[in-house]
Amino acid sequence: FEYSNIRAVRIERTGKITINPSAAIAEITVQLAEATGDNNLIGIYDMVGRTVMMSNFDGSLNAKTIDISNLQKGYYVVRVQAGSEVFTERFIKMVD
């Protein structure tokens, strides 16, 4: 029985999208790490997986603000399809 050398492994999370604020009342801004040049699709889903909102996203820009004031209070998932890549992130809809 023999041990191998210990090596440090660094894992970095390179977030492709961010949502600000992560707890919102009226609107969120979805930001891509970089412009894709493609016509992107944004979907917002409740925690059961139902689609509650769909929107197009111009890939020449790297951010889009979305009105969420009509959503019920709760947790949601934002799914961005940028070309062949798909990115997801969560946010909380707060009460007015």
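It should be emphasised that the depicted structure is a prediction, and the values quoted were computed from it without experimental measurement.

K.L.:
I tried to follow the overall build of the chain on my own but got confused; where do I start?
P.N.:
For the chain, the count of helices and strands is 0 helices and 8 strands. Ordered by position from the N terminus, the helices and strands of the chain form the series β-β-β-β-β-β-β-β. Relative to the globule expectation of 12 Å for 96 residues, the C-alpha radius of gyration of the chain, 17 Å, shows a markedly less compact shape. Once the C-alpha set of the chain is aligned to its principal axes, its extents read approximately 60 × 35 × 20 Å. Considering the chain as a whole, with its 96 residues, one finds that 28% of them fall into the buried category. Here the analysis covers contacts within the chain between residues at least 6 apart in sequence; of these, 52% occur between residues at least 24 apart. Carbon and sulfur atoms make up 48% of the accessible area of the chain, which amounts to about 6900 Å² in all.

K.L.:
Looking at this model, I keep getting lost on the packing of aromatic side chains. Mind explaining?
P.N.:
Geometry of an aromatic ring pair is reported as the spacing of the ring centres plus the angle between the planes. Applying the stated rule across the entire model yields 1 aromatic pair. Geometrically, the ring pair formed by Y76 and F91 is stacked, given 5.6 Å between the ring centres and 20° between the ring planes. Taken together, the residues Y76 in strand β7 (residues 74–82) and F91 in strand β8 (residues 85–93) connect sequence positions 15 residues apart. Under the relative-accessibility criterion, Y76 is labelled buried at 6%. Of the residues examined, F91 reaches a relative accessible area of 1% and is grouped as buried.

K.L.:
Is there a simple way to think about the pairing of β7 in this case?
P.N.:
When a strand is regular, its side chains alternate between the sheet's two faces. Bridging between strand β4 (residues 39–46) and β7 involves 6 bridges; their strand directions are antiparallel. Within the sheet, the bridge partner assigned to D46 lies in β7 and is Y76. Where β7 lies against β8, 9 bridges are found, and the strand directions are antiparallel. Looking at β8, one finds that A82 is bridged to E85. Between the antiparallel neighbours β7 and β8 lie 2 residues, among them G83 with a positive phi of about 65°.

K.L.:
Sorry, what's going on with the pattern of salt bridges here?
P.N.:
A side chain of one charge can pair with a side chain of the opposite charge if their charged atoms are brought near each other. A full pass over the atoms with the stated rule returns 1 salt bridge. As a salt-bridge pair, R50 and D46 come within 2.7 Å of each other at their nearest N and O atoms.

K.L.:
Is there a simple way to think about the sheet that holds strand β5 (residues 51–58) in this case?
P.N.:
Working definition: the strands of a sheet are paired by backbone hydrogen bonds and lie parallel or antiparallel to each other. In spatial order, the strands read β2-β8-β7-β4-β5; together these 5 strands make up an open sheet with mixed pairing. One side of each edge strand has no neighbouring strand; the edge strands of this open sheet are β2 (23–24) and β5.

How each quantity is defined
Residues numbered from 1 in each chain as written. Predicted model: local features only at pLDDT ≥ 70, side-chain atom pairs only at ≥ 80, totals over all residues. Heavy atoms only, no water. Helix = DSSP H or I, 4+ residues; strand = E, 2+ residues; numbered from the N terminus. Rg over C-alpha atoms; globule rule 2.2 N^0.38 Å. Buried < 20%, exposed > 50% of the residue type's maximum accessible area, 1.4 Å probe, protein only. Contact = heavy atoms within 4.5 Å. Areas by Shrake-Rupley, 256 points an atom, 1.4 Å probe, with all protein chains shown as cover. Phe/Tyr/Trp six-rings, centres within 6.5 Å; stacked < 30°, edge-to-face > 60°. Pairing = 2+ DSSP bridges. Salt bridge = Lys/Arg side-chain N within 4 Å of Asp/Glu carboxyl O.

Any functional reading would require information beyond the geometric quantities listed.
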